[in-house]
Amino acid sequence: MAAPELYSKFARIWIPDTAEVWRSADLTADYRPVDNVLHLQLEDGTESEYKLDPKNTVLPPLRNPDILVGENDLTALSYLHEPAVLHNLRVRFTDCKLIYTYCGIILVAINPYEKLPIYQSDIINAYSGQNMGDMDPHIFAVAEEAFKQMARDEKNQSIIVSGESGAGKTVSAKYAMRYFATVSGSSAETCVEEKVLASSPIMEAIGNAKTTRNDNSSRFGKYIEIGFDRKHQIIGANMRTYLLEKSRVVFQASEERNYHIFYQLCACAHRPEFAPLKLGSTEDFPYTNQGSSPVIEGVDDFKEMQATRKAFSLLGITETYQMGLFQILSAILHLGNVEMKERGSSSCGVSDESGHLAVFCDLAEVSHESMAHWLCHKKLKTATETLNKPVTRTEAVNGRDALAKHIYAKLFSWIVGEVNKALSTSSKPHSFIGVLDIYGFETFEVNSFEQFCINYANEKLQQQFNMHVFKLEQEEYMKEQIPWTLIDFYDNQPCINLIEAKMGLLDLLDEECTMPRGSDESWAQKLYNTHLKKSSHFEKPRMSNTAFIIQHFADKVEYQCDGFLEKNKDTVNEEQINVLKASKFPLLVELFQDEETPPASKTTAPSSRAKIGRTTQSFREHKKSVGLQFRNSLHLLMETLNATTPHYVRCIKPNDIKAPFTMDPHRAVQQLRACGVLETIRISAAGFPSRWTYQEFFSRYRVLMKQKEILSDGKLTCQNVLERLVQDKDKYQFGKTKIFFRAGQVAYLEKLRADKLRKACIRIQKTIRCWLARKKYLRIRQATITIQRYVRGYQARRLCETLRRTRAAVIFQKNVRMWAARRQFLRQKASAILVQRLLRGYAARVEYKQLVCEHKARLIQRWVRGFLARWRYRRIRRAVLYLQCCVRRMLARRELKKLKIEARSVEHFKKLNVGMENKIMQLQWKLNEQHKENRELSERTSVLESHSAAELEKLHVQLRTLQVAEEDARHRGDQVSSLQEELETVRQELGKSKQMVTELNERNALLVSEKEEIKKLIQERELTEKLDSTKTEKLDSTNQEITEQLQSQLNEERFRYQNLLTEHLKLEERYADLRSEKEPAADLSQLGHNRADSGYSCSQSENVNLSDLTGSEVSLLVKEDAAQTAGDVSLLLKLQRRVTELENEKMDLQSEMDSKEEQTQQERTKELEACQRVLGAERDFEALKRQELESDNKKLKKDLQDLRQSLGKGAGSKAAPPGGQAYNVVLEQLNSTNEELEVRKEEVLILRSQLVSQEVYKYKEREGDSGDSSRSPTFDLHELNEDGELWMAYESLKETNRLLETQLQTQGDSHEKEVVSMRAELQRLRAELEQQQQMLSDSLELPQDARIQASLQHEISRLAQQNMDLLEQMGKQDKMIRKLKKHLKNYTKKFGEAEDQFSPESQVGDSGRTVSIVRKERDFRGMLEYRREDENKLHKTLITELKPKGVAVNLIPGLPAYILFMCLRHADYANDDQRVSTLLNSSIYAIKNVLKKRGDFETISFWLANTCRFLHCLKQYSGEEEYTKYNTPRQNEHSLTNFDLSEYRQVLSDLAIQIYQQLIKVMENILQPMIAPAMLEQETIQGVMGVKPTGMRKRTYSFPEDNSHTLESVLKQLDVCYYTLLQHGNDGELVRRVIKQQFYIICCVTLNNLLLRKDMCSWSKGLQIRYNVCQLEEWLLDKDLQGSGARESLEPLIQAAQLLQIKKKSQDDAEAICTMCTALTTQQIVKILSLYTPVNEFEERVSISFIKSIQTLLKDRKESSQLLMDAKIIFPVTFPFNPSPVALETIQLPSSLNLNFLTRV
């Protein structure tokens, strides 16, 4: 197209900018050729002008349409130029957070400075097997392309990773090697892929350092060749290194560090093993403290040191060698601390006050005197003599640093050599993939010899890259048969010649180095004289005579000549080297052995794969200059690369401040120019960069075609349309399969398409707006008419209402005025009367108040006068009394004084003594008198005793006479008492009558109160029922939650167990493969006989062998070959032990779950039975109680009648008490009470009938349709009476409710205890499982010898424990044998009796019995007999050679399983333990072999069905009650009698699980290549999907795509799987589980492809996915599989499709997305939103702010950090018991199976 058409108004262009390099702008006016200025509007809205150069007609570059921005491949852009490339990378990097982008054959990788979750194993699996371009750009895609081409073309590959420091080269190379190690694996027993990955931390420790641009910068180049065998498995590797930066050992710039290994050593200085090294802090050594940045943020040097040592150990470097390495490195640090002091102007000496030289010599084990001498001297050799010359201090320091650098370089080379030894292999690799991690183009303010060599290497690599790109473009054009024209591209051969040709820069440098007085200045002058003005790539700076400029392919670089000669020479004092060679340290001597080797020892030239970095160079080669060595190694590298197919990875450093996802445009453009990306763009733009298939073009631009242009031939249709749309035929070319477009043509076609769609939109909008406007007008007109009608009616009604209100107002006014006047009159009248009343009352109150005051005054006067008179009287009386007291006191004192004087006189005492003597004499006299009285009394008592004995005899006589009289009185008293009793009976009868009346009154009151209480109780009962129902619902919900948790935990354990089974199966297969390689396979029958015999309990075989009781087929194989494969023995033995333990745990869990279920069922049945028994007992008790009450009632009625009669008779007698009227009153009260009692009885009967009806209804709800009519409650309402029956019934019901509540509570407690025990058991099993896994992982980390020893120790302990268990089993078997012998004796007796009964005479005599005997022989017992030698034939015919198709179509499902079980039954019937063992073991082994040889879906499905049927038969006929209850009586007769095969059931269950997993894997292999094309790529809705103009140019040598898969083919494959499973007789639950797994695979593969393919994330693709999901749901509905869980497994995919179609703008939309997408993780949601790509211009991209709001809302989610769904997950499977209705005796053997050697029994 012409420029005026493209540069029209609103066209978008790029203009140069100093800040952003390129800036976008819109044209505000059309461009004309005569214009010198372009009128622009910038993005911020400001107006601007862009001046055009009148001499140069180049216009600013056009901007691509927004729909093309963010492409995966830069060459897919319509306009290919620098601003388009920069903008596309910036949008992908900063907005979409995508760090990888294709640029033709280059993968551009931008360092994100942030860890991204895009390198996990699931991502590797997703890219494995995919074509390059099918998925989003990734380093794994490049690695997969290289691996695929190596496997298919048998050609070596190379991945060239380049970029400047800090761009991420090392990380990219590491991920590429990790990919190869993951997808290929190792064919040898030594895991080479782990060693390859382990070499990375070692090389990073000794070759990486922190710089100002990168915290982990590689300071050397390396090329790693990963060798593969013919099976494309890694067998070895080899590493070459280039140009180690030795100067960093002795010097670091500010904010930089030395190599990591030195800081790791200092971090471990506190460890005891590092104490002899005498290390300290990094600040103590000049070689580590110059950069003043010893710590890297986020890096722990101590942990890094542990990782480095672990990697050394993994590569076979022993601890001794490791400590030797660390000793040499420590010696280098101490050497840097050796100081030199001047001794004059031309000499110096060692100042060893700190002792660092001594430490260095001790560590290096060299002579202290020699090293101190040669550090300060050098040897000069002349023709006649040798001189020792002292050196200056500067020269000595330089010599010391040169020695340190030389030692480190030797150590580096030695480590590389040891790594290569560890990675090498004895066998020759069939092919290899090389990974080149080399420095990119560098330019600094000061560029020296290192930058010169780096840029020289990049010139060579760029030349190779240009040639390869040119070659690929030519191949593409020739393949499509398009005329090829030469493209002028930049050739950097002149620049390379300037450097390496004869008399080039390197030759002149070597020549100057050989000169005696050569210097950097003289070398610079030679360069000026030789190349200045002769080479266009060489220039001289204006302001310097010691610098030169080279025009490289990327930029001009100015090099300073200072130091070139010294670095090229790399000289070291030979005497210092000799001192080191004389060391007693073996490792140090080994480092310098190569320098002693004479030149003749090097006999062969190095091949293309010779290791430059290894220490195998000769002495002469050591004398070569560094430049020459580097040139030679570079030539070898280029030869290797030219012999391989290269793949390019260009790493870009987005900014210098290491900010995540931030791009500096200037730095990015500089690197894009330097790494060849823009050169690739230029070459592509010179030809036909946009390439579309005819189908893609037709689908995209069908809107531009006319109806008559659409033909049956799509290619011809596209040609016709293009000829009409694009007049210039040079703008496009038609190839065989593609259309090639010039740059800008796709944008032009997109413009035409957008214009056409815009016109169509305008027409649609016009029509819709017209329809909407007319519809609105009609609606408004109708509304207007309606409003007018209602308004007019309203106005008329308002007028009428006004007239009525006016008349009413007049009437109101009249009445109101009258009422107001009357009210005023009445108010005035009332006021006047009130005033008069108040005045009169006030006057009366005043008068009354005055009278009261006068009365009170008189009263006060009276009381005051009385008080004064009394007060005077009391005062006078007190005074008189006081005077009297004083006088009396005076007189008493006088009397007292006199008495005191008399008491003191002698006469007084004498009077007192006279009285005392008299008293004593009187007392003596009294005592004598008492003695006399005592004697007299004793005499009297003796006399009285004699008299009393006589009187006693008289009293006895009188007593006898009295007793006789008493008996007479008693006889007469009885007659009196009888008379009194008659009187009392009459009184008691009267009292009883009164008491009965009171009791009846009380009972009446009680019935009334009971009636009210019953009403309250009924209400309370209803409330309690509601509460009970809520409690039961809560209990049910909690029980359901607990059971769900237990079920989920059980599923997790099953999943882990089945994963272990798969690993066990893989190890079995691996072992079988190794065994098949070493020796021929063992005979099947022999293996069957050697199968372990622990799956049953036998009545014979008393002598048990240990090898026959292991119960594992793997252990037998391991024991046979233990001497050959010791490494696999331990692993297999551990896995065997773990598998057996897990089998036991699974059996325990299963049995415990079954027992718990049975226990709950039994408890429920017991509860129901107990409830029924309680109700029955209560009914019986109520009946008895009712009968007793009725009898009491009858007695009371009878007594009442008797009382009435007695009262009636005694009314006129004399004995009756007086008061006949009282008796009548009592009778009247009694009658009234009876009447009221009858009324209460009727009310009670009504209430009881209601209560009974409620109880019956509740009972029916509890019992349900039980059908037990005998226990149903039968209530007879006519038998109820008033004698407390209602209360008793209510009390019994309350007791029943309490009983049920207690039972429910106990049941809940028991359930909680069971749940707690189950959880504890699960925790224990989980802990055991983790312990076993930890033990396995620990054993795998041990070295080979220790691993074997540890595994053997574990195995010995396990076998000892197993031996003890077997001894216990032997004891149990002995007991069983003795028991069976007793049974055998009983059976022999019975058999003898039966022989006597069926004697020959009886048979001859009775002909009818012979007929019955024949019938019994024909009544088969469901067994098949075979000979022992026919066992192999049985397995061969029934398993190995059986075709599933014929059996599944013509015979009953599971026939082989039935036949095997019938043979097993006969072996059990014959009590042959050996035959049972061999039959089961051989059958299992044969099934495994069949599935291994014929692993198709039909065979696997067939044997899965038969294995499950065989397992069900073992359960059905085991004789256990939980299985036999489903059998018929005839089937129960066929149960096994002699052997318990419960352990073999577990073995068969494991086999079924393995078959199921194999079935899933086969099904996944069938479906996986079909899913992505069918679900994502196929255009299922015609006309809706618009193919985005990606223009993706896939590799011409990738595998061809197969897009023939459609959704119909997927559904057809699902049909095949479904009907095959049903045809083979698989259980329905198993079929549903398989379908669920298939749908999960469909969901995983589709969603993972969606997350890794940016071109699939669009609105139309979401519509297509939803349509396809609907088709899958219809398939489920058609097959009646809605309840299988398959629909739920598609939920993540459904939500992803909804996410693509939902609105994504506001905060409400974000909240809606968070609420909707519950099955997607946060990373998946953000990834889909970031990848969302508009297909049309009318769609909008998702803003960054919206994505951030989504992340904010979802930050609290607790979920997995994994991006992709794990498609390898296999849901845990169970095999629920499914009894067979087929009777064994009815099964016929078809002749087609050729089983004539089997005999029915």
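Refer to the preceding data block for the structure.
Everything in this summary refers to the structure shown in the same document. (Residues numbered from 1 in each chain as written. Predicted model: local features only at pLDDT ≥ 70, side-chain atom pairs only at ≥ 80, totals over all residues. Heavy atoms only, no water.)

Quick look at the sheet that holds strand β19 (residues 556–560) now. Strand order in this open sheet of 3 strands is β17-β18-β19, and the pairing throughout is antiparallel. Each edge of the open sheet carries a strand with a single partner, namely β17 (538–539) and β19. Alignment of strand β18 (residues 547–551) against β19, held across 5 bridges, turns out to be antiparallel. Bridge pairing links I550 to V557 in β19. Packed onto the sheet, helix α17 (residues 520–531) meets β17 and β18 and runs at close to 45° relative to β18. (Pairing = 2+ DSSP bridges. Helix = DSSP H or I, 4+ residues; strand = E, 2+ residues; numbered from the N terminus. Contact = heavy atoms within 4.5 Å. Axes fitted to C-alpha atoms, helices over the stretch in contact; angles between N-to-C directions.)

Moving on to helix α14 (residues 449–479). The first and last C-alpha atoms of α14 sit 45 Å apart over 31 residues, in line with the 45 Å expected at 1.5 Å per residue. Burial analysis of α14 places 25 of its 31 residues in the buried class, the great majority of the element. Within two residues after α14, Q481 carries a phi angle of roughly 60°, on the positive side. (Expected span 1.5 Å × (residues − 1). Buried < 20%, exposed > 50% of the residue type's maximum accessible area, 1.4 Å probe, protein only.)

Under the criterion given, the structure shown has 48 salt bridges. Across the pair R1428 and D1472 runs a salt bridge, and its minimum N-O distance is 2.7 Å. In this pair, R1428 is assigned in the loop between β24 (1424–1425) and α37 (1431–1440) and D1472 in the loop between α39 (1455–1469) and α40 (1473–1493), connecting sequence segments 44 residues apart. Note on D1472: relative accessible area 17%, which makes it buried. Taking the shortest distance from any N to any O, the salt bridge between D1678 and K1679 comes out at 3.1 Å. On the basis of relative accessible area, K1679 is assigned to the buried category, the value being 10%. A single salt-bridge network, built from bridges that share partners, covers E164, K653, D656 and R667. (Salt bridge = Lys/Arg side-chain N within 4 Å of Asp/Glu carboxyl O.)

Now for a nonpolar patch on the surface. Together, I860, V864, F867, L868 and W871 line one region of the surface with nonpolar side chains, adding up to about 480 Å² of accessible area. Tracing the backbone shows I860 in helix α27 (residues 745–903). (Patch = residues over 30% accessible without salt bridge, like charges linked within 9 Å, V, L, I, M, F, W, Y side chains within 5 Å. Areas by Shrake-Rupley, 256 points an atom, 1.4 Å probe, with all protein chains shown as cover.)

A separate point is helix α4 (residues 139–153). Spanning 15 residues, α4 covers 21 Å between terminal C-alpha atoms, matching the ideal 21 Å at 1.5 Å per step. When you tally the buried positions in α4, you get 12 out of 15 residues, the bulk of the element. For α4, the full list of buried residues reads I139, F140, A141, V142, A143, E144, E145, A146, F147, K148, Q149 and M150. Looking one or two residues past α4, E154 carries a phi angle of roughly 55°, positive in sign.

Bringing the side chain of R1465 into the picture now. Take R1465: it is sitting in helix α39. The side chain of R1465 sits in the buried core without any salt bridge; D1468 is the nearest counter-charge, 6.2 Å away. Apart from the residues lying within four places of it in its own chain, the contact partners of R1465 are R1421, G1422, M1423, E1533, H1534, L1536 and L1784. (Lys, Arg positive; Asp, Glu negative; His and termini not counted.)

Moving on, we get to the sheet that holds strand β16 (residues 431–439). What the 7 strands build is an open sheet, ordered β5-β6-β20-β7-β16-β10-β11; its pairing is mixed. The open sheet has two edge strands, β5 (100–103) and β11 (234–242), and neither has a second partner. Ignoring strand direction, the axes of neighbouring strands in this sheet form an average angle of 20°. Judged from the 7 bridges that link them, strand β10 (residues 221–228) and β16 form a sheet pairing that is antiparallel. From the neighbouring strand, K222 faces β16, where its bridge partner is D437. Sitting on the sheet, α4 is in contact with β5, β6 (106–110), β7 (157–163), β10, β16 and β20 (645–652), with an inclination near 170° to β20. Of the strands in this sheet, β7, β10, β11 and β16 touch helix α22 (residues 626–642), which is tilted by about 145° from β11.

This part takes up the packing of aromatic side chains. Enumeration over the complete set of coordinates arrives at 36 aromatic pairs. Residues F538 and F548 carry aromatic rings whose centres are separated by 5.9 Å and whose planes lie at 20° to one another, so their mutual orientation is stacked. With F538 in strand β17 and F548 in strand β18, the pair connects residues that are 10 residues apart, well separated along the chain. F548 sits in the buried class, given a relative accessible area of 0%. (Phe/Tyr/Trp six-rings, centres within 6.5 Å; stacked < 30°, edge-to-face > 60°.)

On to the packing of helix α50 (residues 1707–1716) against helix α52 (residues 1744–1753). At a minimum axis distance of 10 Å, the contact between α50 and α52 shows a crossing angle of 45°. Regarding the angle of α50 to α52, the classification is oblique. Crossing geometry of α50 relative to α52 is assigned as right-handed. For the pair α50 and α52, contact is made by Q1707, D1709, A1710, E1711, I1713 and C1714 and by F1746, S1749, I1750 and L1753, respectively. Here the residues of the contact of α50 with α52 are counted per class, giving 6 nonpolar, 2 polar and 2 charged. (Parallel < 35°, antiparallel > 145°, perpendicular 65-115°, else oblique. Left-handed = near helix turned anticlockwise from the far one by under 90°. Nonpolar A, V, L, I, M, F, W, Y, C, P; charged D, E, K, R; others polar.)

Moving on: the state of the cysteines. Two cysteines, two sulfur atoms, one covalent bond between them: this is a disulfide. Enumeration over the complete set of coordinates arrives at 0 disulfides. Of all cysteine sulfurs, the one in C1717 lies closest to C1714, which takes part in no disulfide; the gap is 7.9 Å. (Disulfide = S-S within 2.5 Å.)

One finds F180, I261, F262, F360, M371, Y408 and F548 to be the most contacted residues of the largest nonpolar core, which totals 318 residues. Here this core takes 18 residues from helix α44 (residues 1542–1577), the largest share from any one element. Leaving out residues up to four positions away in the same chain, F262 has contacts with V249, T288, L329, I332, L333 and Y408. F697, L722, Y732 and F741 belong to the second largest nonpolar core, which has 18 residues in total. (Core = buried A, V, L, I, M, F, W, Y, C linked by side-chain atoms within 4.5 Å.)

Here we come to the side chain of S1518. Tracing the backbone through its elements, the reader meets S1518 in the loop between α41 (1497–1516) and α42 (1521–1524). By relative accessible area, S1518 is classed as buried at 19%. In this structure the side chain of S1518 is engaged in a polar contact, spanning 2.8 Å, whose partner is the backbone oxygen of K1515. Once residues lying within four places of it in the same chain are set aside, the contact partners of S1518 are Y1523, L1536 and R1545. (Polar contact = N/O pair within 3.5 Å; in protein donor to acceptor, adjacent residues only side chain to side chain.)

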